[in-house]
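# Examination of the molecular architecture
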Amino acid sequence: MYEPISPVGGFPATRLRRLRRHEWTRRLVAEARLAPADLIWPVFVCEGENRREPVESMPGVARLSVDLLEPAIAEAVELGVPAVALFPATPADKKTPGAEEAWNPENLVCRAIREVKQRLGDSVGVIADVALDPYSSHGQDGLVVDGYVANDATLDALCRQAEVQAEAGCDIIAPSDMMDGRVGRIRSALDREGYDHVAILAYAAKYASAYYGPFRDAVGSAGALADGDKRTYQMNPASGDEALREVALDLAEGADMVMIKPGQPYLDIVARVKQAFGAPTFAYQVSGEYAQIAAAAQNGWLDYDAVMLESLMAFKRAGADGVLTYFAVEAARRLRSE
Ligand code: PBG
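Everything numeric here is computed off the predicted structure, so don't read it as measured data.

This part takes up helix H2 (residues 69-78). Those residues of H2 that sit buried are Leu69, Ala72, Ile73 and Ala76. Buried residues of H2 fall within an arc of 90° about the axis and therefore sit on the same side. Buried-residue contacts for H2 involve strand S1 (39-46), strand S3 (62-65), strand S4 (83-88), helix H3 (108-120) and helix H12 (328-337). Downstream of H2 by one or two residues, Gly80 has phi in the positive range, about 100°.

Now the structure itself:
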């Protein structure tokens, strides 16, 4: 791809700065584009009415009660954001070792899905996670048997959770649990129940990351997890080839789209996955990434708008088709006014 630079082809005939001279030339030759349509907005949902609870470790982010979802999401849609991902902050008294609340059709996330789909219909895509951590008293994504997160026993629970969410009207099911074989099992369960139109966005390469800290505060699973960790199922940050094997399996099992998570520290994985499979590839700019930028900007140490947009453009340059980001609404607003 790089021709050897001949004496004629090199400097001074070739001046790469020439096309950087004007804003219009820079725009003309830009290799990646960032648009509101690239953004998915994760939204935290809480119980109650007319409640907007700020998340302390994520300045600018709040949990919204179900009745406040429609106006907030309508604004995002108006700005061109195509989809939202809903995350319930389940009250502690609904959490059990068996996470049964996960497949209660009246649980918080199902009520939230119904509200958004009833009010906003097909103007927005609704994504919901499949994993037991919002509902388990131990904070793990799966069922714990003899101190270990049991893979196969968890699969049945995940299928029931996926079914109630699909029944509530969810457009995209996003398994974030990292159990082996869950995409195939969920695909069959959805098809059997008549939800063959519901898509699967697999958290295919999800790492055991400390960057999820603020999220666990936001949904209230930090306390439950306490000193536990998720290293027996989420990936080791040291490994990259293994991410390709995870993605290959999820695609083979029927995933429509794949995700890499966290985002910025794993851009090498994003680029490799997109190059290797050419499938719709998403990255999750997770809570800790958001907190770093938002907190530094709050202190006046970083330029909020500039760093936000640069961090998002990096995903597009790496090859991502889209980004889940807590900046979605603000970024779309800036992009619209540019
Ligand atoms: C739940 C889930 C997590 C995130 C998304 N879904 C946390 C975890 O795995 O502990 C993290 C998102 C973020 O940090 O923004 N399985």
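So much for the structure itself; the text now carries on.
Nonpolar side chains collect at one region of the surface, where Leu19, Trp24, Leu28 and Val29 lie side by side and expose about 430 Å² of accessible area between them. Turning to its location among the elements, Trp24 is positioned in helix H1 (residues 23-29).

Our focus in this paragraph is unusual backbone geometry. In most cases, non-glycine residues show a negative phi, while peptide bonds are predominantly trans. The linkage connecting Phe11 with the following residue, Pro12, adopts the cis geometry, with an omega of 10°. Its place among the elements puts Pro12 in the segment before H1. In this structure, the amide linkage connecting Lys261 to the following residue, Pro262, adopts the cis form with an omega of -10°. One can find Pro262 in the loop between strand S10 (257-261) and helix H9 (267-277). Even without being a glycine, Ala99 presents a positive backbone phi close to 55°. Its location among the elements puts Ala99 in the loop between S4 and H3.

Okay, the pattern of salt bridges next. Scanning all chains against the criterion turns up 24 salt bridges. In this structure, Arg119 and Glu115 form a salt bridge, with 2.7 Å as the shortest nitrogen-oxygen distance. Remark: Glu115 and Arg119 occur in helix H3; sequence separation between them is four residues, near one turn of the helix. Among the ionic pairs, Glu193 bridges to Arg192, the shortest N-O distance being 3.4 Å. One network of salt bridges, with partners in common, ties together Glu75, Asp305, Glu330, Arg333 and Arg334.

Side chains on a regular strand alternate between the two faces of the sheet. Direction of pairing for S1 relative to S3: parallel, over a ladder of two bridges. Along S3, the bridge assignment pairs Val45 with Leu64. Taken together, the three bridges between strand S2 (residues 52-54) and S3 define a ladder with antiparallel strand orientation. If you follow Glu53 over to S3, its bridge partner there is Arg63.

Each aromatic ring pair is specified by the distance between its two centres and by the angle formed by the two planes. Tallied over the entire structure, the rule returns ten aromatic pairs. An angle of 50° between the planes, with centres 6.2 Å apart, marks the rings of Phe44 and Phe87 as tilted. Linking Phe44 in strand S1 with Phe87 in strand S4, this pair joins segments that are 43 residues apart in sequence. Taking 4.6 Å as the distance between ring centres and 45° as the angle between the ring planes, the aromatic pair formed by Tyr290 and Phe327 counts as tilted. Taken together, the positions of Tyr290 in helix H10 (residues 287-298) and Phe327 in the loop between strand S12 (322-325) and H12 put the pair 37 residues apart, joining distant regions of the chain.

On to the site of the ligand. Taken together, 17 residues are adjacent to the ligand, and Lys206, Arg216, Lys261, Ser287 and Tyr326 come closest. At 2.7 Å from an oxygen atom of the ligand is found a side-chain nitrogen or oxygen belonging to Lys206. Between the ligand and Gln234 there is a distance of 3.0 Å, counted from an oxygen atom to a side-chain nitrogen or oxygen. Within the complex, 99% of the 400 Å² of free accessible area of the ligand lies under protein. Here the ligand is seated within the largest cavity. Class assignment for the residues of the shell around the ligand results in seven nonpolar, three polar and seven charged.

What counts, and where the lines are drawn
Residues numbered from 1 in each chain as written. Predicted model: local features only at pLDDT ≥ 70, side-chain atom pairs only at ≥ 80, totals over all residues. Heavy atoms only, no water. Buried < 20%, exposed > 50% of the residue type's maximum accessible area, 1.4 Å probe, protein only. Helix = DSSP H or I, 4+ residues; strand = E, 2+ residues; numbered from the N terminus. Arc of directions from axis to C-beta. Contact = heavy atoms within 4.5 Å. Patch = residues over 30% accessible without salt bridge, like charges linked within 9 Å, V, L, I, M, F, W, Y side chains within 5 Å. Areas by Shrake-Rupley, 256 points an atom, 1.4 Å probe, with all protein chains shown as cover. Salt bridge = Lys/Arg side-chain N within 4 Å of Asp/Glu carboxyl O. Pairing = 2+ DSSP bridges. Phe/Tyr/Trp six-rings, centres within 6.5 Å; stacked < 30°, edge-to-face > 60°. Near = heavy atom within 4 Å. Polar contact = N/O pair within 3.5 Å; in protein donor to acceptor, adjacent residues only side chain to side chain. 1 Å grid on protein atoms, 1.4 Å probe; cavity = no way out; pocket = protein on both sides within 12 Å on 5 of 7 lines; lining within 4 Å. Sits in = over half its atoms within 2 Å of the grid points. Nonpolar A, V, L, I, M, F, W, Y, C, P; charged D, E, K, R; others polar.

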